[in-house]
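# Inside the fold
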Amino acid sequence: MRTIAVFAAVLSALSCFGTAVAGGMFGPPQPVSRDAGGLHTAVGYIHYADIFKDGADHVIRQNHIYSQAGYGAHDRWEIYGRVSMSDLRISDAFRSANDAAVPSRSDFEDRWKFFGTLGGKGYYPFGSCLGMGIFVQASYAFGDFKDGVSGTLNGAPFATELKLKDIWDINFGIGLQWTVPRGVRLYAGPFAYYAEAKASPSPAVRGLALASEDVLIRNKTSAGGFAGVDIPIGKGFRLNLETRYSERFSLGSAIVFVY
């Protein structure tokens, strides 16, 4: 259990470097479903952070709460779907680029909206303790995030609403897994991803960052790394802890039940 404690400490330390993608965690490369085939369910949370760009950089932060159901077999493959709710905060979305526009505040923030996620993974063991897997996971927001701001433009008052819509992402990764005593799985690997959203102000306010015109924003970096630990806690339940990095650190946890 000393190995588990050290690995968990590393995850906690990594998460302190940033405040955290849409869709939830990646999970261990090895399917959690029973070898003979079967269902599993899960509930999880991830605090996610990244940098999106439209010429300028914008730090995006989200809190995702999700429910998952999946099916796998033969200890080789698994598919799953998730329904989640998430908030959204964008730093400096209303930042002024000149002295003519003076907004009342600079950050965009909206409450919970629904997301849907589909994913699948495949796994190949090199022995009883070591294996490698691949996964793909895609998410889409079913609602638009909205926030308004007021201020003055050339001395005249203005008010505008910024809408973030068509938010989606897709992730692909490769993970190496090491199984230690008591069935604990340690895993890590690289991943590639793409995420985008459409920012649409109504009305547009010239010189006001994302509210100055319709624009497509996307992730600044297309690759990152992830690491996690998956721990059996008895009676079909497992605890999954995971962190990942791409411009910013994210950290999540989930409770999984295997039928």
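Up top you'll find the structure we're talking about.
The following paragraphs examine the structure supplied in this document. Nothing here was measured: the structure is a model prediction, and the numbers come from that model.

## Description of the environment of S253
Considering the arrangement of structural elements, one finds S253 in strand 13 (residues 248-258). In this structure the C-alpha to C-alpha distance between S253 and V229, which are 24 residues apart in sequence, comes to 9.7 Å. Not counting chain neighbours up to four residues away, the residues in contact with S253 comprise M25, V43, G44, Y45, N240 and L241.

## Considering the nonpolar core
Ranked by size, the top nonpolar core spans 26 residues in total, and within it L88, I90, F108, L162, L164, I167 and I217 carry the most contacts. Those elements that place two or more of their residues in this core are strand 1 (38-53), strand 3 (77-90), strand 5 (108-125), strand 7 (145-153), strand 8 (156-180), strand 9 (184-202) and strand 10 (215-219). Here this core takes four residues from strand 8, the largest share from any one element. The residues contacting L88, other than those within four sequence positions of it, are I60, R61, Q62, F108, E109, D110, F145, L164 and I167. Listed in part, the six residues of the second largest apolar core include F135, Y187, F191 and F226.

## Concerning the pattern of salt bridges
Enumeration according to the criterion identifies nine salt bridges in this entry. Between K113 and D110 there is a salt bridge, with its nearest N and O atoms 3.0 Å apart. The closest approach of N and O atoms between D230 and R185, which form a salt bridge, is 3.9 Å. Here the residue D230 occupies a position in strand 11 (residues 223-234), and R185 occupies one in strand 9, the gap between them amounting to 45 residues. For R185, a relative accessible area of 11% corresponds to the buried category. Overlapping salt bridges bring together R185, D230 and R238 as one network.

## What to know about the packing of aromatic side chains
As enumerated under the stated definition, the model contains 16 aromatic pairs in all. Their ring planes at 45 degrees and their centres at 6.3 Å tell us that F94 and F108 sit as a pair that is tilted. A residue pair is termed long-range when its members are at least 10 positions apart, and F94 in the loop between strand 3 and strand 4 (101-103) and F108 in strand 5 qualify at 14 residues. For F94, a relative accessible area of 0% translates into the label buried. Ring centres of F115 and F145 lie 6.3 Å apart, and the angle between their planes is 40 degrees; on these two criteria the pair is classed as tilted. Of this pair, F115 sits in strand 5 while F145 sits in strand 7, and the two are 30 residues apart along the sequence. Judged on exposure class, the residue F115 and its partner F145 are both buried. Grouping aromatic residues by their ring pairs yields a cluster made of F26, F135, Y187, F191, Y193 and F226. Directly above the ring of F26 sits R244, whose terminal nitrogen or CZ lies 4.2 Å from the centroid.

## Regarding the pairing of strand 7
With three bridges joining them, strand 4 and strand 7 adopt antiparallel strand pairing. Bridged to A101 within strand 7 is L153. Sheet topology note: the strand 7/strand 8 ladder contains nine bridges and is antiparallel. What sits directly across from S150, in strand 8, is A159.

## Things to note about unusual backbone geometry
What you tend to see is this: most non-glycine residues have negative phi, and most peptide bonds are trans. Geometrically, the link from S202 to P203 is a cis peptide bond, its omega value of -5 degrees lying close to zero. Examined against the element boundaries, P203 turns out to sit in the loop between strand 9 and strand 10. Phi at R182 is positive, roughly 70 degrees, even though this residue is not glycine. Secondary-structure assignment places R182 in the loop between strand 8 and strand 9.

How each quantity is defined
- Residues numbered from 1 in each chain as written.
- Predicted model: local features only at pLDDT ≥ 70, side-chain atom pairs only at ≥ 80, totals over all residues.
- Heavy atoms only, no water.
- Helix = DSSP H or I, 4+ residues; strand = E, 2+ residues; numbered from the N terminus.
- Contact = heavy atoms within 4.5 Å.
- Core = buried A, V, L, I, M, F, W, Y, C linked by side-chain atoms within 4.5 Å.
- Buried < 20%, exposed > 50% of the residue type's maximum accessible area, 1.4 Å probe, protein only.
- Salt bridge = Lys/Arg side-chain N within 4 Å of Asp/Glu carboxyl O.
- Phe/Tyr/Trp six-rings, centres within 6.5 Å; stacked < 30°, edge-to-face > 60°.
- Lys NZ or Arg CZ within 6 Å of the ring centre and 35° of its normal.
- Pairing = 2+ DSSP bridges.

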